[in-house]
Amino acid sequence: LFKKINKVQKNTLDTIIEKSILATDMANHFNHIQKFKKLRNKVCNEENIIFLCNYLVHSADLTAQSLSLNKALKWGKKIQQEIRNQELTMGKKPLHDNKKFYKIQAHFLKKFILPLFENLVKIFPELKNRTQNIKKNIKSYNKLSITTRK
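Residues numbered from 1 in each chain as written. Predicted model: local features only at pLDDT ≥ 70, side-chain atom pairs only at ≥ 80, totals over all residues. Heavy atoms only, no water.

### Quick notes on the side chain of T131
Here T131 is to be found in helix α6 (residues 128–147). Within polar-contact distance, the side chain of T131 engages the backbone oxygen of K128 at 2.7 Å. Setting aside residues up to four positions removed in sequence, T131 forms contacts with L114, F117, E118 and V121. (Helix = DSSP H or I, 4+ residues; strand = E, 2+ residues; numbered from the N terminus. Polar contact = N/O pair within 3.5 Å; in protein donor to acceptor, adjacent residues only side chain to side chain. Contact = heavy atoms within 4.5 Å.)

As structure tokens, this is what we get:
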């Protein structure tokens, strides 16, 4: 695939891939949201294109919660299990019961995922159904957090 690109193009591609992978780090999440808002009407230059690639990869990394509730729950439970396994490996008692899981999911979607996708819809209006799913999932998770026993 990359046999016909020159060294400069390869270095640029390597940079884009590296930065995009690092962009999935949640430590930079809110910085991405703020930078995206500032770039809306800016010049289309290489730095902004790389940032958009980063933003898209970060969004893709979190996209499961923008799917239907059944799919979002499936992926959420997988992540919950991964966290439990890490806690057990570290000798900690897992803290999350189902009731708390739903409450945490609702908060995560409201504070992290929804703003991310609301920005994306400004460039890609065809993703509006994803923000609608996120809003439905927030309501469903809130309801489940109330009706579910530990």
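### Side note on helix α5 (residues 98–123)
The end-to-end C-alpha distance of α5, which contains 26 residues, comes to 36 Å, matching closely the 38 Å that a straight helix rising 1.5 Å per residue would cover. Where α5 bends most, the angle comes to about 40°, and this point is L109. (Expected span 1.5 Å × (residues − 1). Bend = angle between axes of the 7 residues up to and from the residue.)

### Description of the packing of helix α1 (residues 7–22) against helix α3 (residues 46–61)
At a minimum axis separation of 8 Å, α1 and α3 run at an interaxial angle of 40°. The orientation of α1 with respect to α3, classified from their angle, is oblique. The element α1 and its partner α3 pack so that their crossing is right-handed. Along the contact surface, α1 presents T12, I16, K19 and S20, while α3 presents E46, I50, C53, N54 and V57. For the contact of α1 with α3, the residue count by class is 4 nonpolar, 3 polar and 2 charged. (Axes fitted to C-alpha atoms, helices over the stretch in contact; angles between N-to-C directions. Parallel < 35°, antiparallel > 145°, perpendicular 65-115°, else oblique. Left-handed = near helix turned anticlockwise from the far one by under 90°. Nonpolar A, V, L, I, M, F, W, Y, C, P; charged D, E, K, R; others polar.)

### Concerning the packing of aromatic side chains
Under the definition given, this model contains 5 aromatic pairs. Measuring from ring centre to ring centre gives 5.4 Å for F101 and Y102, while their planes differ by 65°; the resulting arrangement is edge-to-face. The two residues F101 and Y102 agree in class, both being buried. A centroid spacing of 6.4 Å and a plane angle of 85° characterise the contact between F101 and Y141, whose relative ring orientation is edge-to-face. You can see F101 sitting in helix α5 and its partner Y141 sitting in helix α6, a full 40 residues away along the chain. Exposure remark for F101: the relative accessible area of 4% places this residue in the buried category. A residue is classified by how much of its surface remains accessible, and Y141, at 0% relative accessible area, is buried. Every member of this aromatic cluster is reached through a ring pair, and the members are F101, Y102 and Y141. The lysine or arginine in question, K77, covers the ring of F101, its NZ or CZ lying 4.4 Å from the ring centre. (Phe/Tyr/Trp six-rings, centres within 6.5 Å; stacked < 30°, edge-to-face > 60°. Buried < 20%, exposed > 50% of the residue type's maximum accessible area, 1.4 Å probe, protein only. Lys NZ or Arg CZ within 6 Å of the ring centre and 35° of its normal.)

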